[in-house]
Amino acid sequence: MTYAKASASSAVSISASEEQRIVFPPKRVQERAQIRDYGHYRELYELSINYPTVFWALQSRLVDWMKPFHKVLGGGLENGDHSWYEGGRLNASYNCADRHAATWRRDKAAIIWQGEDENDTRTLTYYELYIQVCRFANVLKKHGVRRGDRVTIYLPLIPEAAVAMLACARIGAVHNVVFGGFSAESLGERIRDSGSKLLITADAGKRRGELIPLKEYADRALESCPEVESCIVVRHTGAPAGLIGGRDSWWHEEMRQADIFSVCLPEEMDSCDPLFILYTSGSTGKPKGVVHSTGGYLVYAALTTRYVFDIRDDDIFWCTADIGWITGHSYVLYGPLLLGGTTLMFEGLPNYPRPDRFWQVAEKFRVSIFYTAPTVIRSLMRESEDWVYRHDLGSLRILGSVGEPINPDVWMWYYRVVGRERCAVVDTYWQTETGGIIVAPLPGAIPAKPGSAALPFFGIKPAVVDRDGRECEPGGAGQLVIEEPWPGLMSGVFGEPGRFKQNYLTAYPGKYFTGDGAAADEDGYLWLLGRVDDVLNVSGHRLSTAEIESAIVNHPSVAEAAVVGFPHEIKGEAVCAYVIVRSGVKADQELKDQIRQRVRGIIGPIACPDRIHIVRELPKTRSGKIMRRVLRKISSGEYENFGDLAALSDPGLISELIEEAAGA
Ligand code: WT7
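### Points about the overall build of the protein chain
- Across its full length, the protein chain carries 21 helices and 30 strands.
- In terms of overall dimensions, the protein chain is globule-like: its C-alpha atoms have a radius of gyration of 25 Å, near the 26 Å expected for 664 residues.
- Referenced to the eigenvectors of the C-alpha coordinate spread, the extents of the protein chain come out at roughly 80 × 55 × 55 Å.
- Of all intrachain contacts in the protein chain linking residues separated by at least 6 positions in sequence, the fraction that spans at least 24 positions is 71%.
- As displayed, the protein chain offers around 25000 Å² of accessible surface, 48% of which is attributable to carbon and sulfur atoms.
- Within the protein chain, the 84 negative side-chain charges are centred at a point lying 2 Å from the centre of the 74 positive side-chain charges.

Here it is in structure tokens:
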């Protein structure tokens, strides 16, 4: 309710915005594209929606099956019992390695790795990848890992991470990758929750020339994980790893044992068997173990890679995400390798040692498809454009973006400065839960509108609905749901049957609720407006910002409200509300008291705002998204370094907000 109310004005600004620009696919991209006009997209899209089983049966051929499936789709979103390609049997590692190693791609680079140090590079051809995967799969077996067992992987972005994941898949073990930036505690929690028996880590990772002591963190995590019997350690930096006898061993020593063969038959997995678990935080307390099953996930990863990035055999595909995130799973590893592509893994950072590191790497390897996050683009945008121009980026063809809405200015900078107006920019919207991209402009077929992720991918039936589930008018902001299942959709939450349905399918029964706000314009383009489920933690109690905002706007004098958390010595985090009152209302202490009363009454004392600021306007991007990060900063007493404010629709507002916040 709040959300709708708070966003009503933003919705208007989206559709009424005169500056809404349309950027058509550059000719050179379009000419070579696999789908090169809107009509073709439309035709396929309609087929995928009207005859989903026909469509997905056809697309299933992107992977090789050991046994054919007998049913394309079973179950559905009513109960969250959707299942894809039932009866089909296949193996993910076979599909990513063996089948290419058996063709002319045998000596093609599957993985190119660039370390943080310029001279650290490695290439794994498809044949080499195949051998490594087989050998490591045999190592896992030797350690007693069996089909269905979970294995946690806590590694830097190095080729061993890919080998380890595929080796798990080869023997039917379920990989659980934990991002190397997570703490010992988060690692421990994820190891325990997943019930992993084995951990794969490295001596250390590298970051800005410094070592990240992964093994040390792993040791600490393992103190509280008695179930873990073995820990295999990659020697990556040469840092002391303090192997613990009886539990730890070196990767390279395991791999060269005489009893480790280079042949390992791939396990025949059921399409519905889990391929991996990946933890992600939700709007409730502990991270959820999102489970993806084999057949559907692989088909979806392959198809989206094929069409959204228009990947072909001569491409060098660089997705800058860490393998510890879903983006790394689907677009560093599975998508590109399923299609026999070349994937580039870069261990380093965008701005180390200099702000042109990404461009230098892109030039060095003649990258043609580049996929990164708006936050990266924004940070590089702050540097002089010369850092970009000093590199020959003529090999680039497709520029992708993912992770948050990319605002139009950042989009244009990416398009102009990095792409030199000769590359397609694709803003890709998706989630850990969706397995792959669900909204994006296909680069040769769909004109882009900077700031919008454009149109649904094949098989995705989105709708923007209000709180009652009624579809919003074009331009109206609401919540984004997906009405039909698709193969990339998660199969469940690990160890918690029922949670998937409860979390995602009950807000709008029978529909998948993304948790994101969105508006669809007259052309059906989707404009993502950010999470509607922001979460605060006040004295150990989890609170949703939306819920508190809703309680505040319930007061008849209030027009709009935005709630953020701020650091509090005792509570950890406390609630701060920015409120716009209706015209003619007196903004005094009495009103603030009434608002507090209202929140107490509706949610309870715990949610009662410590601070209430009555303001003229909320900081919003031109696409209407409240810039919560600005409010959060101001609320925590930081009045500078707001980052990129280019998107702010009312730049004068900041000083007003600071004045109000500082005075209160
Ligand atoms: C949330 C999912 C799977 C990508 C990496 C993040 C936001 C992601 C976009 C985009 C607007 C986006 C959403 C979504 N998001 N991409 N192109 N435009 N918002 O995966 O950690 O599961 O987060 O990221 O809010 O729900 P994740």
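### A closer look at a nonpolar patch on the surface
- A contiguous nonpolar surface patch, about 290 Å² in accessible area, is contributed by Tyr51, Val54 and Leu58.
- Within the element layout of this structure, Val54 appears in helix α4 (residues 52–59).

### Regarding the domain arrangement of the protein chain
- Under the domain assignment, the protein chain is made up of domain 1 (3–91 + 273–530), domain 2 (126–267) and domain 3 (534–663).
- A separation of 31 Å is found between the C-alpha centroids of domain 1 and domain 3.

### What to know about the sheet that holds strand β25 (residues 526–531)
- Read across the sheet, four strands follow the order β21-β22-β24-β25 without closing on themselves; strand pairing throughout is antiparallel. Taken across any chain shown, the strands that pair with only one partner, and hence form the sheet edges, are β21 (462–465) and β25. In this sheet, neighbouring strand axes are inclined to one another by 45° on average, regardless of whether the strands run parallel or antiparallel.
- Judged from the four bridges that link them, β21 and strand β22 (residues 477–482) form a sheet pairing that is antiparallel. Counterpart to Ala463 in the pairing with β22 is Val481.

### Regarding the nonpolar core
- Judged by nonpolar contacts, the single largest core of 140 residues is most densely connected at Leu129, Phe136, Ile200, Phe309, Tyr334, Leu442 and Phe458.
- Taken domain by domain, the makeup of this core includes at least three residues from each of domain 1 (3–91 + 273–530) and domain 2 (126–267).
- Ignoring any residue separated from it by four or fewer positions in sequence, one finds Leu442 in contact with Ile35, Tyr41, Tyr307, Val308, Phe457 and Phe458.
- Within the second largest apolar cluster, 34 residues are counted, among which are Val361, Val388, Tyr415 and Ala448.

### A closer look at the sheet that holds strand β8 (residues 198–202)
- Strand order in this open sheet of eight strands is β12-β11-β8-β6-β7-β14-β15-β23, and the pairing throughout is mixed. The two strands at the open ends of the sheet, each matched to only one other strand, are β12 (248–250) and β23 (492–493).
- Packing against the sheet, helix α7 (residues 159–171) makes contact with β6 (150–154), β7 (174–177), β8, β11 (230–234) and β14 (274–280), and its axis sits at approximately 175° to β6.

### Some remarks on the packing of aromatic side chains
- The full count for this structure, using the stated rule, is 37 aromatic pairs.
- For the pair Tyr38 and Tyr41, a centre-to-centre distance of 5.8 Å together with 50° between the ring planes defines the contact as tilted. Of this pair, Tyr38 and Tyr41 both sit in helix α3 (residues 38–50), three residues apart, which is roughly one turn of the helix.
- Take Tyr38: its relative accessible area is 34%, and that puts it in the partly exposed class.
- A residue is classified by how much of its surface remains accessible, and Tyr41, at 1% relative accessible area, is buried.
- When the centroid spacing of 5.9 Å and the interplanar angle of 80° are considered together, the rings of Tyr331 and Tyr371 count as edge-to-face. One end of the pair, Tyr331, is in helix α12 (residues 326–338); the other, Tyr371, is in strand β18 (residues 369–372), and 40 residues separate them in sequence.
- Look at Tyr371 and you get buried, because its relative accessible area is 1%.
- One residue, Arg122, lies across the ring of Trp113, its end atom 5.7 Å from the ring centre.

### Overview of the site of the ligand
- Residues in close proximity to the ligand total 15 residues, the closest being Asp427, Thr428, Thr432, Asp516 and Arg531.
- At a separation of 2.7 Å, a nitrogen atom of the ligand approaches a polar side-chain atom of Asp427.
- Between the ligand and Thr432, the relevant distance is 2.6 Å, taken from an oxygen atom to a side-chain nitrogen or oxygen of the residue.
- Considered on its own, the ligand offers 550 Å² of accessible surface; in the complex 84% of this is hidden by protein.
- Those elements that place two or more of their residues in the shell around the ligand are α12, β20 (424–428) and β25.
- A breakdown of the residues in the shell around the ligand according to their chemical character gives six nonpolar, five polar and four charged.

### Quick look at the pairing of strand β17 (residues 342–346)
- Most of β17 is tucked away: five of the five residues are buried.
- Neither face of β17 is exposed, since Thr342, Leu344 and Phe346 on one face and Thr343 and Met345 on the opposite face are all buried.
- For strand β4 (residues 109–114) and β17, the ladder comprises four bridges, and the chain directions are parallel. Bridged to Trp113 within β17 is Met345.
- Here strand β16 (residues 316–319) pairs with β17 via three bridges, running parallel. Residue pairing in the sheet places Phe317 in a bridge with Thr343 of β17.
- Tracing the backbone out of β16, into α12 and back to the parallel element β17 gives a crossover that is right-handed.

What counts and how
- Residues numbered from 1 in each chain as written.
- Predicted model: local features only at pLDDT ≥ 70, side-chain atom pairs only at ≥ 80, totals over all residues.
- Heavy atoms only, no water.
- Helix = DSSP H or I, 4+ residues; strand = E, 2+ residues; numbered from the N terminus.
- Rg over C-alpha atoms; globule rule 2.2 N^0.38 Å.
- Contact = heavy atoms within 4.5 Å.
- Areas by Shrake-Rupley, 256 points an atom, 1.4 Å probe, with all protein chains shown as cover.
- Lys, Arg positive; Asp, Glu negative; His and termini not counted.
- Charge placed at Lys NZ, Arg CZ, Asp CG, Glu CD.
- Patch = residues over 30% accessible without salt bridge, like charges linked within 9 Å, V, L, I, M, F, W, Y side chains within 5 Å.
- Salt bridge = Lys/Arg side-chain N within 4 Å of Asp/Glu carboxyl O.
- Domains from an automatic or database assignment.
- Pairing = 2+ DSSP bridges.
- Axes fitted to C-alpha atoms, helices over the stretch in contact; angles between N-to-C directions.
- Core = buried A, V, L, I, M, F, W, Y, C linked by side-chain atoms within 4.5 Å.
- Buried < 20%, exposed > 50% of the residue type's maximum accessible area, 1.4 Å probe, protein only.
- Phe/Tyr/Trp six-rings, centres within 6.5 Å; stacked < 30°, edge-to-face > 60°.
- Lys NZ or Arg CZ within 6 Å of the ring centre and 35° of its normal.
- Near = heavy atom within 4 Å.
- Polar contact = N/O pair within 3.5 Å; in protein donor to acceptor, adjacent residues only side chain to side chain.
- Nonpolar A, V, L, I, M, F, W, Y, C, P; charged D, E, K, R; others polar.
- Right-handed = clockwise from strand over helix to strand, strands pointing away.

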